[in-house]
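Breakdown of the fold
Read off the chains here:
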Amino acid sequence: MLVLRKPERKPEKTLVHICCAPDATYGIPAIGEVFGEVVGFFYNPNIHPEAEYLKRLEETRKLSRIYGFPLVEGAYDVARWMDAVKGLEEEPERGKRCRVCIELRMEKAMETAKKLGADAVTTVLTVSPKKLPTMVNEAGRRLAEEKGIIFIELDLKKKDGFKKSVELTKKLGIYRQNYCGCVYSFRE
Ligand code: SF4
């Protein structure tokens, strides 16, 4: 894990957005080791179909029991997500649709963190080599300024983070998906 920008102070409690259990196998303990108390937050209305969404959620619940971290579950707001990405259906992966998809999830994580009394937010999204850390961190930085919360800028895949997540996922018997999540990435 690489900390790309040190937060102005060490957070007391960090809400960690979890996109899927495989990324969290490495991300949750790595973030906890450096930043202290963490709470997981599963909010991914991008995932299609619903059966896949439920499978990824169940795997995240399983991981929270194995590791012993609290998990907050967001709503499966499919209509909200579809509305947000309207007109961006043909965008390639890592394009404008992904930016909107990431922003929507970061924004909800920050609103939830404030309700729960957490003073910082981050995400395990950057474990994946398919995600651009600049896209994730720019969105997080901008929204954090708006919401008045700390956003921890990371590149979790660095220092063997992705490799370690693959090994941990196998070791813990966690399901690993083979597409990012939305209906468009499913078709690709
Ligand atoms: S490819 Fe992944 S990040 Fe991009 S819009 Fe689809 S689910 Fe979101």
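So, a few notes on the structure that sits alongside this text. Everything numeric in this text was worked out from a predicted model, so none of it was measured.

Procedures and definitions
Residues numbered from 1 in each chain as written. Predicted model: local features only at pLDDT ≥ 70, side-chain atom pairs only at ≥ 80, totals over all residues. Near = placed C-beta within 6 Å. Helix = DSSP H or I, 4+ residues; strand = E, 2+ residues; numbered from the N terminus. Nonpolar A, V, L, I, M, F, W, Y, C, P; charged D, E, K, R; others polar. Axes fitted to C-alpha atoms, helices over the stretch in contact; angles between N-to-C directions. Parallel < 35°, antiparallel > 145°, perpendicular 65-115°, else oblique. Left-handed = near helix turned anticlockwise from the far one by under 90°. Contact = placed C-beta atoms within 7 Å. Pairing = 2+ DSSP bridges.

1. A word on the site of the ligand
- Asn46, Glu93, Arg97, Cys98, Cys101, Cys180, Gly181, Cys182, Tyr184 and Ser185 make up every residue found near the ligand.
- When contributions to the shell around the ligand are tallied by element, the ones reaching two or more residues are helix 4 (96-116) and helix 7 (183-187).
- Residue contributions to the shell around the ligand peak at three residues, all from helix 4.
- Its residues assigned to classes, the shell around the ligand shows five nonpolar, three polar and two charged.

2. What about the packing of helix 1 (residues 21-35) against helix 2 (residues 50-67)?
- Between helix 1 and helix 2, the shortest axis-to-axis distance is 9 Å and the interhelical angle comes to 30°. Classified by the interaxial angle, the pair formed by helix 1 and helix 2 is roughly parallel. Once helix 1 is placed against helix 2, the crossing between them reads as right-handed. Side by side, helix 1 and helix 2 meet where Ala21, Ala24, Thr25, Ile28 and Pro29 of the first sit next to Arg56, Glu59, Thr60, Lys62, Leu63 and Tyr67 of the second.
- Grouping the constituent residues of the contact of helix 1 with helix 2 by class yields six nonpolar, two polar and three charged.

3. Comments concerning the packing of helix 1 against helix 6 (residues 161-172)
- Contact geometry of helix 1 with helix 6 gives a least axis separation of 7 Å together with a crossing angle of 115°. In terms of their interaxial angle, helix 1 and helix 6 are classed as roughly perpendicular. The interaxial crossing formed by helix 1 with helix 6 has right-handed handedness. Facing Pro22, Asp23, Thr25, Tyr26 and Ala30 of helix 1, the residues of helix 6 in contact are Gly161, Lys164, Ser165, Leu168, Thr169 and Leu172.
- Grouping the amino acids of the contact of helix 1 with helix 6 by side-chain chemistry returns five nonpolar, four polar and two charged.

4. Some details on the sheet that holds strand 2 (residues 14-18)
- Pairing within the open sheet is parallel, and its five strands lie in the order 4-3-2-5-6. Either end of the sheet is taken by a strand with one partner, and the two such strands are strand 4 (71-73) and strand 6 (150-151).
- Sheet topology note: the strand 2/strand 5 (residues 120-123) ladder contains four bridges and is parallel. Residue pairing for strand 5: Val16 is matched across the bridge by Thr122.
- Along the sheet face, helix 4 touches strand 2, strand 3 (38-42), strand 4 and strand 5 and points at about 145° away from the line of strand 2.

Geometric descriptors of this kind do not, in isolation, establish any biological role.
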